[in-house]
Amino acid sequence: MKRAALLLCAVLTACASPAARRPAWVASAGSEPAGIAGVGMGSYQASDPDGVKKARDAAYNDALQKLSLKLRAVVRGEVRTSLQAELSGGAEFSGAAVESQTSSVFDVVLGRKRFDEFRDERRREYWVRCSMSREEADAALQAALAEAARRRSEKSVSLRLAGSDPALVRLAETEFTRAFLDQGYWVLPAGADAAARIVVSGQLQAEALGAARPLGVEVGLACRAALRPAAVVAQGGPGQRQVAGQAAKDATGFGRTQAEACERAVQKAAAQAAAALADSVSRAIED
């Protein structure tokens, strides 16, 4: 009887399905010279009814993050090279501009990713690989760069703000840059304005008001800023249009020093004027 039991056990063992073989990408942890990959792993407990799902989700997130870090570095370098090739005269794009373009191109390239999964039931591990081939990545990257260049040519903006204080002018330009970038425009650096389709100009004025005493209570020093910008769309072309901006209202700033008060006033005035002008330019382009 004992011998029969042992024989039956041996037969059952021989007929059982062998354990799934671990893929090579699990052992190499994503070290694939032929492509770009990220490998993630999540572990689980047999006693947890949701353990497999949690491990799978963790592995997916880990794999995607690792691929994204590698891919973004590649995309950023290609974007910087592409942007610099468009410039002349040694002009430089800001870091924020490079990151803005990198994000849009990166999203397109990342769309080519694919996932592979492996569940190791014996070790209670869930593995996920997120990857793409070099050929897929290169093709997607070149297509995305070309589309980004086309959009830049259609919605490129240069700023020609003027004023007696260069530091305050730079503050105003920062607000205009932010407003146009938020609406998908490409703000060119100084020295590349000849390539711009839209030129924004305006005269910035800041007036020191001295001590401020609203309702008889002194709150520091005050400054008032004024800025009415304008834009030329399709500069130099047959369809050239003038777009008038709106002046900021109640653009008064307060501070412990006169410089601080004027900085706040300029930021307030520029933010209001930039948002209004960006909206007006967008409507003019759509009409």
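Residues numbered from 1 in each chain as written. Predicted model: local features only at pLDDT ≥ 70, side-chain atom pairs only at ≥ 80, totals over all residues. Heavy atoms only, no water.

Novice: Before we go on, may I ask you to explain the pairing of strand β1 (residues 35-43) in this structure?
Specialist: Side-chain direction in a regular strand flips from residue to residue, so the side chains alternate between the two faces of the sheet. The buried fraction of β1 is high, at seven of nine residues. Alignment of β1 against strand β3 (residues 125-133), held across nine bridges, turns out to be antiparallel. Bridge pairing in β3 places G42 opposite Y126. (Buried < 20%, exposed > 50% of the residue type's maximum accessible area, 1.4 Å probe, protein only. Helix = DSSP H or I, 4+ residues; strand = E, 2+ residues; numbered from the N terminus. Pairing = 2+ DSSP bridges.)

Novice: What should I look at first to understand the packing of helix α6 (residues 166-182) against helix α7 (residues 258-286) in this one?
Specialist: Two packed helices can be described by the angle between their axes and the distance between those axes. Their axes nearest at 8 Å, the elements α6 and α7 cross at an angle of 35°. Here α6 and α7 pass one another in a crossing that is right-handed. Each of L168, L171, A172, E175, F176, A179 and F180 in α6 lies in contact with α7, whose residues at this interface are C262, E263, V266, Q267, A270, A271, A273, A274, A275, L277, A278 and V281. Among the residues forming the contact of α6 with α7, the class breakdown is 16 nonpolar, one polar and two charged. (Axes fitted to C-alpha atoms, helices over the stretch in contact; angles between N-to-C directions. Left-handed = near helix turned anticlockwise from the far one by under 90°. Contact = heavy atoms within 4.5 Å. Nonpolar A, V, L, I, M, F, W, Y, C, P; charged D, E, K, R; others polar.)

Novice: Would you take a moment to explain the sheet that holds β1 for this structure?
Specialist: Hydrogen bonding along the main chain pairs the strands of a sheet, whether they run parallel or antiparallel. Here three strands make up an open sheet; going across it, the order is β1-β3-β2 and the pairing antiparallel. Whereas interior strands pair on both sides, the edge strands pair on one side only; in this sheet they are β1 and β2 (114-120). Taken pair by pair, the neighbouring strands of this sheet meet at an average axis angle of 15°, ignoring direction. Here helix α5 (residues 134-154) sits on the sheet and contacts β1, β2 and β3; the angle it forms with β3, its principal contact strand, is near 55°.

Novice: I'm lost on the nonpolar core in this one. Help?
Specialist: One broad trend across soluble globular proteins is that nonpolar side chains are buried collectively. Counting residues in each nonpolar core, the largest one holds 35 residues, and the members touching the most others are F176, F180, I198, V200, L277 and V281. A total of twelve residues in this core trace back to one element, the largest contributor, which is α7. In contact with V200, other than residues within four places in its own chain, are V157, S158, L159, R160, L161, F176, F180, A230, A231 and L277. Core analysis: the second largest hydrophobic core is formed by 32 residues, I36, Y44, V79 and M132 among them. (Core = buried A, V, L, I, M, F, W, Y, C linked by side-chain atoms within 4.5 Å.)

Novice: Please clarify how the pattern of salt bridges should be interpreted in this entry.
Specialist: Where side chains of opposite charge bring their charged atoms close, a pairing between them can arise. Considering all chains together, one arrives at 15 salt bridges under this definition. Between D120 and R22 there is a salt bridge, with its nearest N and O atoms 2.7 Å apart. Of the two residues, D120 sits in strand β2 while R22 sits in the loop between α1 (2-15) and α2 (24-28), which places them 98 residues apart along the sequence. By relative accessible area, D120 is classed as buried at 7%. (Salt bridge = Lys/Arg side-chain N within 4 Å of Asp/Glu carboxyl O.)

Novice: Help me understand the environment of V232 in this model?
Specialist: Turning to its location among the elements, V232 is positioned in strand β8 (residues 230-233). Separated by 49 residues in sequence, V232 and V281 have C-alpha atoms that sit 8.8 Å apart. If near-sequence neighbours (up to four positions away) are discounted, V232 is found in contact with R197, I198, V199, Q240, R241 and Q242.

Novice: Even after reading the chapter, I still don't get the state of the cysteines, so can you show me in this structure?
Specialist: Working definition: the covalent bond between the sulfur atoms of two cysteines is a disulfide. One pass over the structure, following the stated rule, counts one disulfide. Across the disulfide from C223 sits C262; the S-S distance is 2.2 Å. Between C223 and C262, the S-S dihedral sits near 90°, and the bridge is therefore right-handed. Residue C223 is located in strand β7 (residues 220-227), and its partner C262 is located in helix α7; the two are separated by 39 residues in the primary sequence. Using a relative accessible area of 0% as the deciding quantity, one classes C223 as buried. (Disulfide = S-S within 2.5 Å.)

Novice: Looking at this structure, I do not really get the packing of aromatic side chains. What am I missing?
Specialist: Any two aromatic rings considered together are summarised by their centre-to-centre distance and by the angle between their planes. Within this structure, the stated rule accounts for two aromatic pairs. Relative to F115, the ring of Y60 has its centre 4.6 Å away and its plane inclined at 45°; by these criteria the two rings are tilted. Pair noted here: Y60 is in helix α3 (residues 51-86) and F115 is in strand β2, with a separation of 55 residues, a long-range link. When its relative accessible area of 18% is taken as the criterion, Y60 is described as buried. With relative accessibility at 32%, the residue F115 sits in the partly exposed group. Their ring planes at 80° and their centres at 5.2 Å tell us that F180 and Y185 sit as a pair that is edge-to-face. According to the relative accessible area criterion, F180 is buried, its value standing at 0%. The buried category is assigned to Y185, whose relative accessible area is 4%. Across from the ring centre of F106, 4.4 Å away, lies the NZ or CZ of R72, which sits over that ring. In this structure, K155 is placed above the aromatic ring of Y185, and the distance from its NZ or CZ to the ring centre is 4.3 Å. (Phe/Tyr/Trp six-rings, centres within 6.5 Å; stacked < 30°, edge-to-face > 60°. Lys NZ or Arg CZ within 6 Å of the ring centre and 35° of its normal.)

Novice: Would you explain the pairing of strand β6 (residues 198-212) in this entry?
Specialist: Bridge analysis of strand β4 (residues 156-163) against β6 gives seven bridges, and the strand direction is parallel. If you follow G163 over to β6, its bridge partner there is L204. In this sheet, β8 lies alongside β6 in antiparallel orientation, the contact comprising four bridges. The partner of V200 across the bridge, within β8, is A231.

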